[in-house]
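Below are the chains, spelled out letter by letter.
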Amino acid sequence: AVLHNDGPLLILAGAGSGKTRVITHRIARLVDEGLNPYKLIALTFTNKAAAEMKERTASLLGRARMDIWISTFHSACLRILRRHADRLGYPKDFTVYDAQDQTRLIKACLKELGIEEKSLPARQVASFISRFKNKLKDSREAEKEINPRRDMNYIRCFRLYEKKLNEARCMDFDDLLGKTVTLLRSEEDIRGHYQNRFEYVLVDEFQDTNPAQYGLIRLILGQRRNVCVVGDDDQSIYQWRGADISNILNFEKDFPETKVVLLEKNYRSTKNILTGASAIVSRNPNRKEKQLWTDNSAGENIHLFTATDEMDEAKYVVEKLLRLKKRENHSLNDVAVFYRTNSQSRAMEDALRREGVPYKIYGGLKFYDRREVKDILAYFRAALNPFDTVSFKRIINTPPRGIGAVTLAKLDLAAMTEGVSLSVALDNLDSIVGLKPAAKKKLESFREVFSKIRVLSGSMNVADAINEALGATGYMDWLAEDKNSESISRMENLTELVNAAEEFQERAGESSIMAFLDQSALQSDADNVDENEAAVKLMTVHISKGLEFPVVFVTGLEDNLFPHARSKDDPKQMQEERRLMYVAMTRAKERLFLTHAETRRIFGVAQVNRPSVFLADLPSKILHMETSDRVTFRRPDFTPKTYKPKAAPATHERKQYDNVPLIDGMRPGMKVRHATFQVGVIRAIEGQGEKSKITIYFPRFGEKKLMKKFAKLTIV
């Protein structure tokens, strides 16, 4: 790979195979042999990776400064556009809109079009626009691909957004790629300039490129075709962000003269860890064949632990890491805990806190610092403490109630004039000068909600009070109307808050809301972990990519969680879940612990879960099986088998429910529609009324047990 001269080169670099070392040594060799550094460009995805590449290359060449263009894709495009933007009708000092600027502009578009943001959230529109821009498609091309009955408002907003951006002569983040590709395609002299300049093009993490990035690479190549791409199709895990794995899989078709070099020697992990990871990813049909190996020792077997529930799972993780720290002198810095979704961190955080183990969350907030959790707890803080103006102002228009800054200012002035708290002023709206009838009506509506929370605070235990507040405040309904993935995640976090309150009652023997608020405040205060202090690292598997740790715990290995429920009936997504599991396992250097729970609270209800299908692929000879003393069910069989999604109920199965009496207008066998999970079939109903629990099979998402109160089901 380092010695290859001209022509396309594909370096398939397995996990832990030292790809950065290969890239930097290749650059250094080319320069040492007389290549002008000005004639080379290296592209990657993060500023950190670019900085590391520059530093290593400079060190190899013994130079403090070099004229080598090493940068991220977006930085490279911005540099090109700053020089040539006038060709596209932009000033060279054009403004680049960040995510917040983009959201603000989209909100203005929605308002101008008369579309309520409640029905079409700005972030969802931004995601829609980004998806097409990354495929180098504008609103006209996007319109040809969408469902006009469902997505026409997206297109209307996309059109107006493009128009306003152009009028302002501004670009968003995705435009940096798209406009550069447009520039190079349309301006022959500029394209020729960069093709003549760059004799060699190197691309890192090639498996993560989207169509716009691949288009850019091909445009700056020219006739020389001296392109070196480094990547690993087994680590392609960003399909949801626009990455196209076919770029690396089809590279040899696009460049038939390609030389392929496999980097299969792993310098990071033990033999057993590599054997396990390879056993999982090798079952993917669409991959470049490779087999990682290592000179490292076999190491310990992979630990596979069966817990009773998420609390038992967290307890096991903490006990193990403390034992490693005490008996084997592992620092807490050596330990990382991975999970599939952010909402899973809460039980782990509680267990670490109880044992006084410092931890740091990467890529996300601590559970009690998450916006939706703080919002709901702020209702109770304001209800219990009338002088807590910070909490009061946080909740008065959350969820949105149309209470504007002018109305809030009048309420604030009235409170200051009378020398009372905001909540007292809210109780005396007639005394507020200049309050318009419409504004008064909105404040009265909020007062009614706030009064309910006051009653809940003094009359119910903490778990029931929080559960009721989710409905009384309208917060859960607000999130349910916004059908994007972020809102679904926030709803999961709120059901997890109810779980946390229930566990607090059981553990502390205390059921008051005040006691729960106190302990949650302590959890938030512990967030500032010193960078030099030893701390366990918590993160999603996606965040872990590119990192390595001596000890790794991969938790929540259950079907519908990892692999995620949304992947079950989509072969491409299921393959990506396998790659995600491979990435998780290959972060470990010395010790790897895999855990799953027999039951886990999901959507506020304890569900019995099957072990992840991936566990069946692990050879038994490399496993050390452990089971919690509290496990009551028979240990699942991990004999390797071909995975098949659970089938939908057969016609005869539905007919058997025909004589079952209706419960609140529903019965097993009925088809119902859910806002997020779409159409499904009811399998069981527990209880009656709003608190009843309904088990439903959804073809795309598997079986779910939902609380009727929040499910908002309609009969099909």
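The protein chain goes by DNA 3'-5' helicase in an unreviewed UniProt entry, where it is assigned to hydrothermal vent metagenome. Under the heading Sequence similarities (unreviewed entry), UniProt records this for the protein chain: "Belongs to the helicase family. UvrD subfamily."

S.K.: Teacher, can you tell me more about the state of the cysteines here?
M.R.: Such a bond, covalent and formed between the sulfur atoms of two cysteines, is termed a disulfide. One pass over the full model with this rule turns up zero disulfides. The thiol of Cys-157 is unpaired, and the distance to the nearest cysteine sulfur, on Cys-109, comes to 4.8 Å. Overall, Cys-157 belongs to the buried group, its relative accessible area being 0%.

S.K.: Can you help me understand the pairing of strand E14 (residues 588–597) in this one?
M.R.: The side chains of a regular strand alternate between the sheet's two faces. Judged by how many residues are buried, E14 sits mostly within the fold: eight of 10 residues are covered. Two strands pair when backbone bridges link them, and strand E9 (residues 302–307) and E14 are joined in this way by five bridges, in the parallel orientation. Bridging from a neighbouring strand, Thr-306 pairs with His-596 of E14.

S.K.: Would you take a moment to explain the layout of surface pockets for this structure?
M.R.: Any empty space left between the atoms is revealed when a probe the size of a water molecule rolls over them. When its volume is computed, the second largest pocket comes out at roughly 710 Å³. Of all elements in the fold, only helix H4 (99–113), helix H5 (122–133), helix H22 (475–481) and helix H23 (485–508) reach the threshold of two or more residues within the lining of the second largest pocket. For the lining of the second largest pocket, the element with the highest residue contribution is H4, accounting for four residues. When the residues that make up the lining of the second largest pocket are grouped by side-chain class, the tally is five nonpolar, six polar and 10 charged. Both domain 2 (95–168) and domain 4 (381–502) contribute no fewer than three residues apiece to the lining of the second largest pocket.

S.K.: Help me understand the packing of aromatic side chains, please; the structure alone is not making it clear to me.
M.R.: The geometry of an aromatic ring pair is captured by the separation of the ring centres together with the interplanar angle, meaning the angle of the planes. Under the defined criterion, the tally for this structure stands at 17 aromatic pairs. Aromatic pair Tyr-194 and Phe-198: ring centres 6.1 Å apart, planes at 20°, arrangement stacked. The interplanar angle of 15° and the centroid separation of 4.5 Å between the aromatic rings of Phe-553 and Phe-593 together place this pair among those described as stacked. One end of the pair, Phe-553, is in strand E13 (residues 549–554); the other, Phe-593, is in strand E14, with 40 residues separating them in the sequence. Residues Phe-553 and Phe-593 agree in their burial class; the two are buried. Chaining the aromatic ring pairs together yields one cluster made of Phe-128, Phe-132, Tyr-154 and Phe-158. Directly above the aromatic system of Trp-69 lies the positively charged group of Arg-79, at a separation of 3.7 Å from the ring centroid.

S.K.: Which parts of the structure should I look at to understand the nonpolar core?
M.R.: Note that soluble globular proteins tend to have their nonpolar side chains buried in a common cluster. Counting 54 residues, the largest nonpolar core has Phe-380, Phe-392, Leu-411, Phe-446, Ile-466, Leu-497 and Phe-516 as its most contacted members. Counting residues in hydrophobic clusters, the runner-up holds 38 residues, among them Leu-12, Ala-85, Val-201 and Ile-245.

S.K.: Even after reading the chapter, I still don't get the packing of helix H3 (residues 73–84) against helix H9 (residues 188–197), so can you show me in this structure?
M.R.: Helix packing geometry: the angle between the two helix axes and the distance between the axes. Where H3 meets H9, the axes come as close as 12 Å, and the angle between the chain directions of the two elements is 135°. With respect to H9, the axis of H3 lies oblique. Here H3 runs over H9; the crossing is right-handed. Residue-level contacts link Arg-79, Ile-80, Arg-83 and His-84 of H3 to Ile-190, His-193, Tyr-194 and Arg-197 of H9. Looking at the contact of H3 with H9 residue by residue, the classes come out as three nonpolar, two polar and three charged.

Conventions and cut-offs
Counting of residues starts from 1 at the beginning of each chain's written sequence and follows it residue by residue. The predicted nature of this model means local features are confined to residues of pLDDT at least 70 and side-chain atom pairs, given and counted, to a pLDDT of 80 or more, with totals for whole chains, interfaces and linings taken over all residues. Side-chain descriptors were evaluated using all non-hydrogen atoms of the structure, hydrogens and water having been removed beforehand. UniProt positions are given in the numbering used here, feature names are shortened, and annotations may be inferred rather than shown by experiment. Count a disulfide wherever a pair of cysteine sulfur atoms falls within 2.5 Å. For the exposure calls, accessible area comes from a 1.4 Å probe over protein chains only, and a residue counts as buried if that area is under 20% of its type's maximum, exposed if over 50%, partly exposed in between. Starting at the N terminus, helices and strands are each numbered in turn, a helix being any DSSP run of H or I of at least four residues and a strand any DSSP run of E of at least two. Here the rule is simple: two strands pair whenever DSSP picks up at least two bridges between them. Only protein atoms enter the calculation, which uses a 1 Å grid: trapped sets of points that fit a 1.4 Å probe without letting it out are cavities, open sets showing protein on both sides within 12 Å along at least five of seven lines are pockets, and any residue with an atom within 4 Å of a point is a lining residue. Grid points are joined across faces, edges and corners, and a volume is the space filled by probe spheres set on the points. Lys, Arg, Asp and Glu make up the charged group, whereas Ala, Val, Leu, Ile, Met, Phe, Trp, Tyr, Cys and Pro make up the nonpolar group; the residues left over, Gly among them, are polar. These domain limits were set by an automatic method or by a database of domain assignments. Working definition: a ring pair exists when centres of Phe, Tyr or Trp rings (six-membered ring for Trp) sit within 6.5 Å. Plane angles under 30 degrees give stacked, over 60 give edge-to-face, the rest tilted. Whether a charge sits over a ring comes down to the Lys NZ or Arg CZ being within 6 Å of the ring centre and within 35 degrees of the ring normal. Nonpolar core, defined: a set of buried Ala, Val, Leu, Ile, Met, Phe, Trp, Tyr and Cys residues in which side-chain atoms within 4.5 Å join the residues together. To define axes, lines are fitted to C-alpha atoms, for helices over the stretch in contact only, and angles between the resulting N-to-C directions are given on a 0 to 180 degree scale. Our angle categories are set so that under 35 degrees counts as roughly parallel, over 145 as roughly antiparallel, 65 to 115 as roughly perpendicular, and the remainder as oblique. For any helix crossing, the convention is left-handed if the near helix is rotated counterclockwise from the far helix by under a right angle, and right-handed if that rotation is clockwise. Two residues qualify as a contact provided that any one of their heavy atoms is within 4.5 Å of a heavy atom in the partner residue.

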